[in-house]
Amino acid sequence: MSPVPVQPEVSVGTARCLEAAGALEHRHLTILLAMMDEVQSYFMHDLEGGIAAHAEHPEAWAYVGMNVEWALAQLSFVRGCFPATAAPSFIDCGAGLGFVAMLARGLGFRPGGIELCSRYVALAERLFPWAQTFEGNVLTYPHYADHDVIFYYGPFKDEGLQARFEHKVEAEAKPGAIIIANRKVSEEWRSSSQFRLLKEDGVGSWIFQKC
Ligand SMILES: C[S@@+](CC[C@H](N)C(=O)[O-])C[C@H]1O[C@@H](n2cnc3c(N)ncnc32)[C@H](O)[C@@H]1O
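Residues numbered from 1 in each chain as written. Predicted model: local features only at pLDDT ≥ 70, side-chain atom pairs only at ≥ 80, totals over all residues.

**Quick notes on the overall build of the protein**
Turning to step 1, where the next piece is worked out: Scanning the protein for helices and strands turns up six helices and seven strands.
Turning to step 2, where the next piece is worked out: Helices and strands in the protein line up, N terminus first, as α-α-α-β-α-β-α-β-β-α-β-β-β.
Turning to step 3, where the next piece is worked out: Its C-alpha atoms give the protein a radius of gyration of 17 Å, near enough to 17 Å, the size a compact globule of 211 residues would have.
Turning to step 4, where the next piece is worked out: With respect to the principal axes defined by its C-alpha atoms, the protein has extents near 50 × 40 × 30 Å.
Turning to step 5, where the next piece is worked out: A separation threshold of at least 6 residues defines the contact pool for the protein, and within that pool the share at least 24 residues apart is 55%. (Helix = DSSP H or I, 4+ residues; strand = E, 2+ residues; numbered from the N terminus. Rg over C-alpha atoms; globule rule 2.2 N^0.38 Å. Contact = placed C-beta atoms within 7 Å.)

As structure tokens, this is what we get:
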């Protein structure tokens, strides 16, 4: 039986009511975040047997969900760089099952995700239809210039391809666009006057803006 879609607005409304009633405490949120990571971990193991190269695309990492709290912190930081009334366009490059794009939607971004693996795209469409995950290759995607925020969590196992992808994003992003880079391998952007560092977020994770 196919799942009945629940409008996310309902869940957001419920969360707000709980918060207003003082029922959502910090420890409740911690429990919910941990549960989300358990769900992601279930899919990671069920789909490819754990942290591994992709079965059909050995140059790529298979689905490994980014830690939800970490992703939320990055997305919230970047959301604060835009006016509250705006709905910035967001794209996850190598979107997996759409978790990050869905978090972005909840924060007021207009989300989308590019994903190479058709199995993952089919699952993402069923899990999170509002995340707008579509099948495509981040190396040939022609619309980076359309987005206000470009996110990735190291899609490539092959570091040469990862660097090629990063250079393409940096060349094609529009002025003002913010790049949230995780598991980044190339460093040229740091000495380029084209980019402004907004936040250093641990090893290989940077948030920077194209000038
Ligand atoms: C480490 S997972 C990250 C998933 C998601 N972005 C997240 O943070 O939870 C990397 C994803 O990139 C996808 N991927 C790898 N190479 C790709 C390519 N060339 N084009 C599009 N997606 C790709 C993989 O299939 C995998 O789902």
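On we go.
**Structural notes on the site of the ligand**
Turning to step 1, where the next piece is worked out: If you check the shell around the ligand, you find 25 residues, and the closest are A60, M66, G94, G96 and P155.
Turning to step 2, where the next piece is worked out: If you list the elements that add at least two residues to the shell around the ligand, you get α4 (99-106) and β2 (110-115).
Turning to step 3, where the next piece is worked out: For the shell around the ligand, the class distribution of residues is 17 nonpolar, six polar and two charged. (Near = placed C-beta within 6 Å. Nonpolar A, V, L, I, M, F, W, Y, C, P; charged D, E, K, R; others polar.)

All we've got here are geometric facts, nothing functional implied.
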